[in-house]
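Take a look at the letters that make up each chain.
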Amino acid sequence: METSGPHADLSLNTSVVRSFLVRFLADEVRNAGFSRGVVGLSGGVDSAVTAFLACEALGRGNVTALMMPYRSSSRESLTDAQLVVDALRIPSVTVDITPMVDPYLESQHVEDRVRAGNVMARQRMIVLYDFSARERALVLGTSNKTELLLGYGTLFGDMASAVNPLGDLYKTQVWQLAAAIGVPGRIVEKKPSADLWSGQTDEGELGFMYADADRLLFAMIDERHTDAELAAMGFGDVFIRNVRRAVQKSQFKRRPPVVAKVSHRTVNVDFRYARDWGL
């Protein structure tokens, strides 16, 4: 990809990326000793793209979709998730997480919306991993590069997975890929939202547009420009500072728990690759 500052071209060769991600999913799932995958379908574009890629990689009969609404979830989200199920003709299960979430929120007097949203995200992952065990299927991730860099996700919630095909694609690139592989247009075009409360949108909560964030992140992370260079490229000082701080503060979400090293071979320090176990 080439860039021209704040107007960086983040366009994908969607055919090449699609082929690569399909092979990636097929290889990683099978190398782990599995042949099936489970995807939490939210009705959003990220989970839809993961489901489409998984079907191509593993076969329609080997992908199970889970819809996990909460009582405040919008009806549109469930409708859009069903659009994906119908388009792909894959098995699906709907699990209402309200009876699981509400007793905890009530018993702990949780009124903060962010805390409640984290509980919902982690409850959904409990359901996904239980189905993972039931179906002997790996949980397939749906977090994109923008979310991972900004820390816009719940640790051990929506950020959890065994294999993630989208983690190196910015949100605007996920939209490109979605359109290319046939994700229903209304899902590609709607405003992205975690659907944690009525009227919530990602960009409203973040305070900036994904298109702007992606251009800045590409210049900041991929090209490693300094703040002074980013400002000279036309990015605002406050925007640069806020985004860099978000990336720094969320580093703990992007790495396994830090292990105190007391031996010669420490998990995720010296013993971290498949080849260490002869694979």
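If you're wondering where the values come from, they're calculated on a predicted model, not measured in any experiment. (Residues numbered from 1 in each chain as written. Predicted model: local features only at pLDDT ≥ 70, side-chain atom pairs only at ≥ 80, totals over all residues. Heavy atoms only, no water.)

Further remarks concern the overall build of the protein. Regarding its fold elements, the protein presents 12 helices and four strands. What you see for the protein is a C-alpha radius of gyration of 19 Å, in line with the 19 Å of a compact globule of 279 residues. The principal-axis extent of the C-alpha atoms belonging to the protein is close to 55 × 50 × 45 Å. In the protein, buried positions account for 47% of the 279 residues. The long-range fraction of contacts in the protein, counting pairs at least 24 apart against all pairs at least 6 apart in sequence, stands at 72%. Of the roughly 14,500 Å² of accessible surface on the protein, 52% is carried by carbon and sulfur atoms. (Helix = DSSP H or I, 4+ residues; strand = E, 2+ residues; numbered from the N terminus. Rg over C-alpha atoms; globule rule 2.2 N^0.38 Å. Buried < 20%, exposed > 50% of the residue type's maximum accessible area, 1.4 Å probe, protein only. Contact = heavy atoms within 4.5 Å. Areas by Shrake-Rupley, 256 points an atom, 1.4 Å probe, with all protein chains shown as cover.)

For the pair helix H7 (residues 171–181) and helix H10 (residues 210–222), the least separation of the axes is 8 Å and the interaxial angle reads 115 degrees. As far as their axial angle goes, H10 and H7 are roughly perpendicular. Here Lys-171, Thr-172 and Trp-175 of H7 come into contact with H10, specifically with Tyr-210, Ala-211 and Asp-214. Partitioning the contact of H7 with H10 into residue classes produces three nonpolar, one polar and two charged. (Axes fitted to C-alpha atoms, helices over the stretch in contact; angles between N-to-C directions. Parallel < 35°, antiparallel > 145°, perpendicular 65-115°, else oblique. Nonpolar A, V, L, I, M, F, W, Y, C, P; charged D, E, K, R; others polar.)

Turning our eyes to something else, we now look at the sheet that holds strand S4 (residues 138–139). In a beta sheet, neighbouring strands pair by backbone hydrogen bonds and run either parallel or antiparallel. Sheet architecture is open: four strands sit in the order S3-S2-S1-S4, paired in parallel fashion. Unpaired on one side and paired on the other, strand S3 (92–94) and S4 mark the two borders of the sheet. Two strands pair when backbone bridges link them, and strand S1 (residues 37–40) and S4 are joined in this way by two bridges, in the parallel orientation. Bridge assignment links Val-38 to a residue of S4, and that residue is Val-139. (Pairing = 2+ DSSP bridges.)

The next point concerns the packing of helix H2 (residues 45–58) against helix H3 (residues 75–88). For the pair H2 and H3, the least separation of the axes is 10 Å and the interaxial angle reads 15 degrees. Taken together, H2 and H3 sit at an angle that is classed as roughly parallel. Handedness of the H2/H3 crossing: right-handed. Contacts from Ala-48, Ala-51, Phe-52 and Cys-55 in H2 reach Val-84, Ala-87 and Leu-88 in H3. Looking at side-chain class alone, the contact of H2 with H3 contains seven nonpolar, no polar and no charged residues. (Left-handed = near helix turned anticlockwise from the far one by under 90°.)

With that settled, the discussion passes to the nonpolar core. With 62 residues, the main nonpolar core has Leu-41, Val-49, Val-183 and Val-243 as its most contacted residues. The element that contributes the greatest number of residues to this core is H2, accounting for 10 residues. Val-49 has contacts with Leu-166, Val-174, Leu-177, Ala-178, Ile-181 and Val-183, leaving out every residue within four places of it along the chain. Grouped together as the second largest cluster of nonpolar side chains are 18 residues, Leu-66, Met-68, Met-125 and Val-127 included. (Core = buried A, V, L, I, M, F, W, Y, C linked by side-chain atoms within 4.5 Å.)

Okay, the packing of aromatic side chains next. This structure, assessed with the given rule, holds three aromatic pairs. Ring geometry for Trp-175 against Tyr-210: centres 6.0 Å apart, planes inclined by 85 degrees, an arrangement best described as edge-to-face. On the criterion of sequence distance, the pair formed by Trp-175 in helix H7 and Tyr-210 in helix H10 is long-range, its members being 35 residues apart. Just as Trp-175 is buried, Tyr-210 falls in that class too. Both rings, one in Phe-208 and one in Phe-239, keep their centres 5.3 Å apart while their planes meet at 55 degrees; by these two values the pair is tilted. Of the two residues, Phe-208 sits in the loop between helix H9 (202–206) and H10 while Phe-239 sits in helix H12 (residues 237–249), which places them 31 residues apart along the sequence. The same class applies to Phe-208 and to Phe-239, which are both buried. Taking NZ or CZ as reference, Arg-136 lies 4.5 Å from the ring centre of Phe-34, over its face. (Phe/Tyr/Trp six-rings, centres within 6.5 Å; stacked < 30°, edge-to-face > 60°. Lys NZ or Arg CZ within 6 Å of the ring centre and 35° of its normal.)

Okay, the confidence of the model for the protein next. Of all residues in the protein, 92% attain a pLDDT of 70 or more, and the chain-wide mean is 92. Between residues 1–5, whose pLDDT stays under 50, and residues either more than four places distant or in other chains, the model counts 13 contacts. (pLDDT = per-residue confidence, 0-100.)

By the secondary structure assignment, Leu-206 is in helix H9. Between the alpha carbons of Leu-206 and Val-243 there is a distance of 9.8 Å; along the sequence they are 37 residues apart. In this structure Leu-206 touches Leu-150 and Tyr-152, once residues within four positions along its chain are discounted.

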